[in-house]
Amino acid sequence: MACLTRKFSLSWVQLGLVLCFIYCAIGVPQLDLPPIPSTSQSGYGLSSTPSSLNSPGNQFDRNYQFSTARPSPTSTPGVYQVSSTPFNGISPDISNNGYPNVDYNSRNPSSTLRPYDESNGDDRIDINSDPNFRRNDPNFVRNDPNYVGTNPYDFNRGGDVNSIDDRYRQVNLQQVRDFLAQADDQASKECTNNVAAQWNFETNVNDETQHAALDAQQRYTLFQRGLWEAAQQIPRGAIRDFPTFRQLRLLSIIGPAALPPDQLDRYNRIINDMLAVYNTAEVCAYNEPFKCGLHLQPELQYIMSHSRDWDELQHIWTEWRRNTGRRVRDLYEQLVDLTNQAARLNNFTDASAYWMFPYETSNMRQEVDDVWQQIKPLYDQLHAYVRRRLREAYGPERISRSAPLPAHILGDMWGQSWSGIVPFTLPYPGKNLLDVSQEMAKQGFTPLTMFQLAEEYFVSMNMSAMPPDFWALSVLDQPPDRHIHCQPSAWDFCNKHDYRIKMCTHVDMKDLVTAHHEMAHIEYFLAYRNQPKVFRDGANPGFHEAIGETIALSVGSPRHLQTLGLVQRSVDDTAHNTNFLFTQAMDKLAFLPFALVMDRWRWDVFTGDVRKEQYNCHWWRLREQYQGVKPPVLRSELDFDPGSKYHIPANIPYIRYFVSTVLQFQIFRALCERTGQFIPGDPTRPLHKCDIYRNPEAGRILNRLMERGSSAPWTHILQEAIGESRLNGEAMRDYFRPLEDWLSSENLRTGEFLGWSYDGDYCKFSIETAGLQVYGGFYNAAQRHYDVTTFIALFVTSALVTIAFRYR
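None of the values given here were measured: they were computed from a predicted structure.

A. Spatial organisation of the overall build of the chain. Check the secondary structure of the chain and you find 27 helices and 7 strands. A total of 808 residues make up the chain; the buried ones form 63% of that total. Surface summary for the chain: the accessible area is close to 30,500 Å², and the carbon and sulfur share equals 50%.

Now the structure itself:
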């Protein structure tokens, strides 16, 4: 469900390691823009930590890992030739004979980043003393009395104006548009060059393509920095044309790249060092101390999803965190400071405000909490049912009827998806789960025919066919002659005609759904291709993924698979429907509170509401509060369990996955209602049986959602397309309604406790006090819990009894 970001083997943060060297040693793409006024104001824009609207194209993949893109100069079919010469166009002149100097050794780095004070509208600067004012332009006639002391790039000079304030209010809108048009043209070309390099590396992994990818990303980063410096000078407050204003505000934020070069280098090194720990972490097998070298993929994840040995799972769970999170805690504390510094340079109060900004809401925390409260009754039913089945499997002495779930037995290293425990928690174990893989092989499916089928799915709704370059240049199967990164991903080359998918496709049901999901991203690219570059992205960071998963809900439904002739028997009965919905819920529903905690924790860290010495215990406080999960062994502040999840050391926002998961059901419900396939309250037309295949009305609505890109707030786009203007968890409840009814009846029948009760300390500030319970051997006891006071009382009582017997 998460192809919005991905874990590249070559982390983007490596790209900043030689930034200072790049400033001095390589050719920098040159900015050649129309003149602009030297006025600065507060910044707006979407996150570039590390990906933004201004990032090098859009690549979407199928896991929750992120990485930067990379290049390759070979003649292999599908490989894009990358220009090695500087692009003659947009370029901040870093020797200060053009746009603002980026040499922070000689000036205050905040000089072009003055915060905008809404109370008095103070976004002016002193053009005579400002070090960024372009005083050495050859076209500036310093001795001309008409221009002495004025800004040579005043868009309205020559008019009857006497002050900067007047000129500010009379900005020439056409000149701003000319600036944006030229910036857009070169941004697209620079983006194409960079994305091509990343594609070349991803599809032909070797040292040569890796180095070319690094160079291309360095170049693009410098280009973005220069464009940002130039855009900072335009007085946006006087612009009343919304599209123009929005383009400028989105260009005005570049995330960590706003840091001074030495601090950016440090920021990148810290992330790179943490990811090196994460990517190389190894664990020894349980009870086999000489069998070491087990990595997260594939060994550890396989054990977590297949083993039913409590002690083995606890060992793997604990050792993974000891070898990842605990080792990066000190580095992460430094990263928090730098991330906040970067946010302030982008004119945000802290990094939490910076990360929430793309959603353009006044109270993001409250809105996501409200949505979760809508969904929580359904989650409580699932949680109670799963707890009973786990109690039956592991015994009541380990899992009580009302306690949170131990995190290590949920079928996943982090407890974010419970799909690994579906086989022994299935409501109707005698009924096989729907899987058409064998039928696909029997009918002669190939990777190519799977993508041709996906194209026909979209064409049947009057949506776009794939352009010729897609079929000529995509990599849809594992090449026999070279190593590639197989993670499925969709690519936009920023030139309005070249779109590709990279995927090592297997002929099975899972990849059939994935092929449709990835092609949905291509449809999104095609829908907004005529927007300016800065608007060619999802309406919010979760929108792209929501569209892809909306399509997956339709394609993976039993009805659609029957339509394709892949299901030969009837699967429309209570048992099959309940098992189908349960399997979906164990992935999508179980994931929501985890996704929420990931960023709720970081928001609290960035704002300073949680001190450094509280990091780990606050993490478990939130996990228990939202997810009803507890650690298998007592934790302390020597541990750093958030750091065991990739997105924490990589510093990648996660709330987008919460948003996309909720939003996909809203969009799906709207499509099914409009096409008459879902009628609320009608048991004969439930939402989970809807299939929008061959329905032009569904295609029309999807195009309305996609064609505007990010040119308007996502709430406006959603309102215009489906009549809703905010996240709403009720659509998810509608989809899982039959399952919720079944779970409610089943939990009532067995007398399950809904929710969970806090059953003891899960984390201690001091390892000494934590050790009392860890080594006492009763932390996971389900029937009773001893706190430290009780333990000491028992110890003293025992001692007194011993003394009494000795001296009786």
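B. Broad picture of helix α25 (residues 737-750). Taking 1.5 Å per residue as the helical rise, α25 with its 14 residues ought to reach 20 Å, and the 20 Å between its terminal C-alpha atoms agrees with that figure. Considered for burial, the residues of α25 that qualify are Leu-739, Glu-740, Trp-742, Leu-743, Glu-746 and Asn-747. Relative to the axis of α25, the buried residues are bounded by an arc of 160° and lie together on one face. Along α25, the residues that are exposed and aim more than 90 degrees away from the buried face are Leu-748 and Arg-749. The secondary structure elements touched by the buried residues of α25 are α11 (364-394), α18 (574-607) and α24 (730-735).

C. Representation of the state of the cysteines. By the definition in use, this model includes 5 disulfides. Two residues, Cys-284 and Cys-292, share a disulfide whose sulfurs are 1.9 Å apart. Looking down the S-S bond of the Cys-284 and Cys-292 bridge, the torsion is 95°, so its handedness is right-handed. For Cys-284, a relative accessible area of 27% corresponds to the partly exposed category. Each bonded cysteine of the chain gets a number by its place in the sequence, and the pairs then read 1-5, 2-3, 4-6, 7-10, 8-9.

D. Inspection of the pattern of salt bridges at higher detail. All told, the structure shown has 40 salt bridges when counted by the stated rule. Glu-752 is paired through a salt bridge with Arg-401; the nearest N and O atoms lie 3.8 Å apart. One end of the pair, Glu-752, is in the loop between α25 and β7 (763-764); the other, Arg-401, is in the loop between α11 and β2 (405-406), with 351 residues separating them in the sequence. Here Lys-588 makes a salt bridge to Glu-549, at a shortest N to O gap of 2.6 Å. You can see Lys-588 sitting in helix α18 and its partner Glu-549 sitting in helix α16 (residues 543-555), a full 39 residues away along the chain. By relative accessible area, Glu-549 is classed as buried at 5%. Within the structure, one salt-bridge network assembled from shared partners comprises Arg-388, Arg-389, Arg-391, Glu-392, Arg-401, Glu-746, Arg-749 and Glu-752.

E. Here's a closer look at unusual backbone geometry. In this model, Gln-297 is joined to Pro-298 through a cis peptide bond whose omega is 5°. As for its placement among the helices and strands, Pro-298 is situated in helix α7 (residues 296-306). Phi at Asn-462 is positive, roughly 65°, even though this residue is not glycine. Summarising the element assignment, Asn-462 is placed in the loop between α13 (447-459) and α14 (468-473). Exposure remark for Asn-462: the relative accessible area of 60% places this residue in the exposed category. One non-glycine residue, Lys-496, adopts positive backbone phi at about 70°. Topologically, Lys-496 is positioned in the loop between β3 (489-492) and β4 (499-502). On the basis of relative accessible area, Lys-496 is assigned to the partly exposed category, the value being 38%.

F. Local environment of the nonpolar core. Core analysis: the largest hydrophobic core is formed by 163 residues, its most contacted members being Tyr-332, Trp-418, Phe-658, Ile-692 and Leu-702. Top contributing element to this core by residue count: α18, with 18 residues. Tyr-220, Leu-227, Ala-230 and Cys-504 belong to the second-largest nonpolar core, a separate cluster that totals 28 residues.

G. Structural view of the confidence of the model for the chain. Per-chain confidence: the chain averages 80 in pLDDT, with 74% of residues scoring 70 or above. Confidence drops under a pLDDT of 50 for residues 61-163, and excluding neighbours within four residues, the segment shows 296 contacts in the predicted structure.

H. Here's a closer look at helix α3 (residues 173-202). Between the first and last C-alpha of α3 there are 42 Å, a value that for 30 residues agrees with the 44 Å anticipated at 1.5 Å per step. Within α3, 21 of the 30 residues are buried, leaving the element largely enclosed by the surrounding structure. The distance from a side-chain oxygen at the start of α3 to the backbone nitrogen of Gln-174 is 3.0 Å, and the residue carrying that oxygen is Asn-172.

About the thresholds
- Residues numbered from 1 in each chain as written.
- Predicted model: local features only at pLDDT ≥ 70, side-chain atom pairs only at ≥ 80, totals over all residues.
- Heavy atoms only, no water.
- Helix = DSSP H or I, 4+ residues; strand = E, 2+ residues; numbered from the N terminus.
- Buried < 20%, exposed > 50% of the residue type's maximum accessible area, 1.4 Å probe, protein only.
- Areas by Shrake-Rupley, 256 points an atom, 1.4 Å probe, with all protein chains shown as cover.
- Expected span 1.5 Å × (residues − 1).
- Arc of directions from axis to C-beta.
- Contact = heavy atoms within 4.5 Å.
- Disulfide = S-S within 2.5 Å.
- Salt bridge = Lys/Arg side-chain N within 4 Å of Asp/Glu carboxyl O.
- Core = buried A, V, L, I, M, F, W, Y, C linked by side-chain atoms within 4.5 Å.
- pLDDT = per-residue confidence, 0-100.
- Polar contact = N/O pair within 3.5 Å; in protein donor to acceptor, adjacent residues only side chain to side chain.

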